[in-house]
Amino acid sequence: MDEQVIPVLRVADASVAVAWYGRLGFAEQWRHRFGPGFPAFAEVARGEVRLFLSEHEGDARPGTLVHLRVRDVDAVAAEFGARVEEAPWAREFELTDPDGNRLRIGTPTE
């Protein structure tokens, strides 16, 4: 097993969040509930990049910022109609998911 870090993002509705992250190229890997009516906890992946999406109130706070490095920032930006900006370290843009979590998405310049 490779070691990795997986950010946990707080979401109000896992189904809505999974669909939104699907537009970024993430696919749902699994979803868990301890029982009917309990909050959902899901994993989405884009290649080797993983995110946990949690409806559990204590797991994370909305407004978290995650940096996502991608091979083709222009293709991802086009999916959302976003404008890519030039920075000394990357070509990037920022999105906010339906729950207020922020994603800075870019392709490094080096």
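Preceding block: the structure.
Along every chain, residues carry numbers that run from 1 in the direction the sequence is written. Local features in a predicted model are, by the rule used here, given only for residues with pLDDT of at least 70; side-chain atom pairs are given and counted only at 80 or more, and totals for whole chains, interfaces and linings are based on all residues. Only hydrogens and water are set aside when side-chain values are computed; all heavy atoms of the structure are taken into account.

Asks: Any chance you could explain the sheet that holds strand 6 (residues 85-86) here in plain terms?
Replies: The strands making up a sheet are joined through hydrogen bonds of the backbone, oriented either antiparallel or parallel. Should DSSP find at least two bridges between two strands, the strands are regarded as paired. Here a helix means four or more residues in a row that DSSP labels H or I, a strand means two or more in a row labelled E, and each is numbered from the N terminus. Spatially, four strands are ordered 5-8-7-6 in an open sheet, and the strand pairing comes out mixed. Of all the strands in the sheet, the pair left with one neighbour each is strand 5 (65-69) and strand 6. Pairing geometry for strand 7 (residues 90-96) and strand 8 (residues 102-108), over seven bridges, is antiparallel. Bridging across to strand 8, alanine 90 finds its partner in proline 108. Contacts were defined at the residue level, with two residues in contact if any of their heavy atoms lie within 4.5 Å. Note on geometry: axes are C-alpha line fits, over the in-contact stretch for helices, and angles between N-to-C directions span 0 to 180 degrees. Across the face of the sheet, helix 2 (residues 73-80) comes into contact with strand 7 and strand 8 while running at roughly 25° to strand 7.

Asks: Looking at this structure, I do not really get helix 2. What am I missing?
Replies: Since the α-helix advances by 3.6 residues per turn, residues separated by three or four positions end up pointing in the same direction. Looking only at helix 2, the buried set comprises Val73, Val76, Ala77 and Phe80. Taken around the axis of helix 2, the buried residues stretch over an arc of 100°, which confines them to a single face. For helix 2, the elements touching its buried residues are helix 1 (14-22), strand 3 (41-46), strand 7 and strand 8. Trailing helix 2 by a residue or two, glycine 81 shows a phi angle of about 65°, which is positive. The classification of residues rests on relative accessible area computed with a 1.4 Å probe and restricted to protein chains. Under 20% of the type maximum is buried, over 50% is exposed, and intermediate values are partly exposed. Directions drawn from the helix axis to the C-beta atoms are what define this arc.

Asks: How should the packing of aromatic side chains be read in this particular structure?
Replies: Aromatic ring pairs: the centre-centre distance and the angle between the two ring planes describe each pair. The pairing test for Phe, Tyr and Trp rings, Trp by its six-membered ring, is centres within 6.5 Å, and the orientation test on the planes gives stacked under 30 degrees, edge-to-face over 60, and tilted for anything in between. The full count for this structure, using the stated rule, is six aromatic pairs. Between the aromatic rings of tryptophan 20 and tyrosine 21, the centroid separation amounts to 4.9 Å while the plane-to-plane angle is 75°, which identifies the pairing as edge-to-face. With a relative accessible area of 0%, tyrosine 21 lands in the buried category. Between tryptophan 30 and phenylalanine 41, the aromatic rings sit 6.0 Å apart at their centres with planes inclined by 20°, giving stacked as the arrangement. Within this pair, whereas tryptophan 30 is found in strand 2 (residues 27-32), its partner phenylalanine 41 is found in strand 3, the two being separated by 11 residues in sequence. For tryptophan 30, a relative accessible area of 33% gives the class partly exposed. For phenylalanine 41, a relative accessible area of 17% gives the class buried. Taken together, Trp20, Tyr21, Phe26 and Phe80 form an aromatic cluster joined through their ring pairs.

Asks: I tried to follow the side chain of aspartate 99 on my own but got confused; where do I start?
Replies: Tracing the chain through its elements places aspartate 99 in the loop between strand 7 and strand 8. Apart from residues no more than four positions distant in its own chain, aspartate 99 is found in contact with Arg10, Val11, Ala12, Ala17 and Pro62.

Asks: Where do I start with the sheet that holds strand 4 (residues 49-54) in this structure?
Replies: Reading across from one edge, 1-4-3-2 is the order of the four strands in this open sheet, with mixed pairing throughout. The open sheet terminates on both sides in strands that have one partner only, identified here as strand 1 (8-10) and strand 2. Neighbour to neighbour, the strand axes of the sheet diverge by 25° on average, direction disregarded. Note: strand 1 against strand 4, three bridges, orientation parallel. Across the sheet, residue arginine 10 finds its bridge partner in strand 4, namely serine 54.

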